[in-house]
Amino acid sequence: MRVARYWLPGRGPRLGVCAHDAVHELLAPDGAPLTSLDDLVEHARRAGVTPREAAQRARRGGGLPYRELDRAPDSGRSHLLLPVVPPEVWAAGVTYERSREARLAETTTAGVYDRVYEAERPELFFKATPSRCAGPNAPVGVRADSRWTVPEPELGVVLDGAGGVLGYVLGNDMSARDIEGENPLYLPQTKIYRACCALGPVVLLTDEPVERRLRLWCRVTRGGRAVFYGETSTSRLRRPIAELVAYLRRANDIPPLAVLLTGTGIVPPDEFACEEGDLIEIGADEIGVLRNPAIRVA
Ligand code: DO4
Ligand code: MG
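Asker: Please explain the pairing of strand E11 (residues 153-159) as it appears in this structure.
Answerer: Moving residue by residue along a regular strand, the side chains alternate between the two faces of the sheet. E11 sits mainly inside the fold: seven of its seven residues count as buried. Residues Pro153, Leu155, Val157 and Leu159 line one face of E11 and the alternating positions Glu154, Gly156 and Val158 line the opposite face, and both faces are buried. Inspection of the sheet shows E11 paired to strand E12 (residues 165-173) by seven bridges, in the antiparallel sense. By the bridge assignment for E12, Pro153 is matched with Asn172. The turn linking E11 back onto E12 is made up of five residues, and Gly161 within it adopts a positive phi angle of 85°. Inspection of the sheet shows E11 paired to strand E17 (residues 259-264) by four bridges, in the antiparallel sense. From the neighbouring strand, Glu154 faces E17, where its bridge partner is Thr264.

Following this line, the structure appears as structure tokens:
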């Protein structure tokens, strides 16, 4: 089941379920609309069921065609919002062979990436706060002091705060490869800045570990022409997601609805750099397509 969060002009945020190309408003037992995934999780907790079951049982209000929501944010028109507002976004790195190759190409410090790919302990880093996250169709940032920034399309897991996975979301871990390449200690500046992370378009709520079989793709369009296309399968992830989550929670309290991005298996060729005006699309059949224009952030 896929849940979307969206804005209704004059009424505010809503949480809805996607069915047959439409999004249907979810209502609490008293008829009040649910406005966030937090609301759904709270209802599920009170009813003693999973959020997916709570969404299945919930009363439904009006529906809207998905395509009428999948457009640029504008408070005067209905549009998709961040499907989950994560108190924290974390990310794993060098979890696909393709990412290891790319780091080796960009770095002046060979060795660290090879070692972390093979090591027992994964690379995990803090990625974003809600204020740095872009929802569907909102701009993602290219740092003005980077000449070589790329999107990193990744599967994100929405965590339940107790070591479990509530659902899945698509994520873009925008990364300044030149800054990281100069010195790996610059990783926070590579990764964390205004609009550095996109999440969406919806959250897939499922009890199945779908991560072993998702096909992820990414396309970048410039002036109406595709300038990059790549795809991968999450079956190429070197580590089980449960292992990444377990390491993340070591000596660390991870709040409910935090998101963990699981690393990229799609890296554009070395001559590609994202530019202001590029349209970045990240897709997976089971989740949908996350679209964000790129802007330069100074
Ligand atoms: O070490 C750099 C980060 C790598 C990363 O973000 C990824 O593999 O997705
Ligand atoms: Mg990444």
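Asker: I'm lost on the coordination of the magnesium ion (ligand 2) in this one. Help?
Answerer: Around a metal, the idealised angle for a tetrahedral arrangement of four donor atoms is 109.5 degrees; for an octahedral arrangement of six donor atoms it is 90 or 180 degrees. Only Glu152 (OE), Glu154 (OE) and Asp173 (OD) from the protein reach the magnesium ion (ligand 2) as donors, at distances of 2.0 to 2.1 Å. Of the residues examined, Glu152 reaches a relative accessible area of 4% and is grouped as buried.

Asker: What should I look at first to understand the domain arrangement of the protein in this one?
Answerer: One widely used convention gives an interface's size as the accessible area the parts lose upon coming together. Assigned domains within the protein: domain 1 (2-80) and domain 2 (89-297). Relative placement of domain 1 and domain 2: their C-alpha centres are 26 Å apart. Between domain 1 and domain 2, the residue contacts involve 16 residues of the former and 17 residues of the latter. In total, domain 1 and domain 2 occlude about 1300 Å² of area from one another, counting both sides; carbon and sulfur atoms represent 63% of this. At the boundary of domain 1 and domain 2, one finds two salt bridges. Run the count over domain 1 and domain 2 and you get five residue pairs in polar contact (both at pLDDT 80 or more). Contributions of two or more residues to the side of domain 1 that touches domain 2 are made by strand E1 (2-8), helix H1 (37-47) and helix H2 (51-57). Ranked by the residues each element gives to the side of domain 1 that touches domain 2, the list is headed by H1, at four residues.

Asker: I would appreciate a short explanation of the site of ligand 1 in the present structure.
Answerer: The local shell around ligand 1 holds 16 residues, among which Val94, Ser99, Glu152, Glu180 and Lys191 are the closest. Within the contact set of ligand 1, an oxygen atom lies 2.8 Å away from a backbone nitrogen or oxygen of Val94. For ligand 1, an oxygen atom lies 3.0 Å from a polar atom in the side chain of Glu180. Within the complex, 99% of the 270 Å² of free accessible area of ligand 1 lies under protein. Among the secondary structure elements, those contributing two or more residues to the shell around ligand 1 are strand E6 (89-93), helix H3 (97-106), strand E7 (123-128), helix H6 (187-191) and E17. Residues belonging to the shell around ligand 1 are distributed by class as follows: five nonpolar, four polar and seven charged.

Asker: It is not clear to me how unusual backbone geometry should be interpreted in this structure. Could you clarify?
Answerer: As a rule of thumb, non-glycine residues mostly have phi less than zero, and peptide bonds are mostly trans rather than cis. Backbone torsion omega between Gly200 and Pro201 reads -10°, so that peptide bond is classified as cis. Counting through the fold element by element, Pro201 comes out in strand E14 (residues 197-205). Positive phi is not limited to glycine here, since His20 has a value of about 50°. Looking at the secondary structure, you find His20 in the loop between strand E2 (12-19) and strand E3 (22-27). With a phi close to 55°, Ala251 is a non-glycine residue in the positive phi region.

Asker: Any chance you could explain the pattern of salt bridges here in plain terms?
Answerer: A side chain with one charge may pair with a side chain of the opposite charge, provided their charged atoms come close. Counted under the stated rule, the structure contains 27 salt bridges. Among the ionic pairs, Asp173 bridges to Lys127, the shortest N-O distance being 2.8 Å. Here Lys127 lies in strand E7 and Asp173 lies in strand E12, a separation of 46 residues in the sequence. The exposure classification of Asp173 matches that of Lys127, with both residues buried. One salt bridge in this structure joins Asp145 and Arg143, with 2.7 Å as the shortest N-O distance. With relative accessibility at 15%, the residue Arg143 sits in the buried group.

Cut-off values and rules
- Residues numbered from 1 in each chain as written.
- Chains lettered and ligands numbered in written order.
- Predicted model: local features only at pLDDT ≥ 70, side-chain atom pairs only at ≥ 80, totals over all residues.
- Heavy atoms only, no water.
- Buried < 20%, exposed > 50% of the residue type's maximum accessible area, 1.4 Å probe, protein only.
- Helix = DSSP H or I, 4+ residues; strand = E, 2+ residues; numbered from the N terminus.
- Pairing = 2+ DSSP bridges.
- Donors = N, O, S within 2.8 Å, 3.2 Å for Na, K, Ca; no water.
- Domains from an automatic or database assignment.
- Contact = heavy atoms within 4.5 Å.
- Buried area = accessible area lost by both parts, 1.4 Å probe.
- Salt bridge = Lys/Arg side-chain N within 4 Å of Asp/Glu carboxyl O.
- Polar contact = N/O pair within 3.5 Å; in protein donor to acceptor, adjacent residues only side chain to side chain.
- Near = heavy atom within 4 Å.
- Areas by Shrake-Rupley, 256 points an atom, 1.4 Å probe, with all protein chains shown as cover.
- Nonpolar A, V, L, I, M, F, W, Y, C, P; charged D, E, K, R; others polar.

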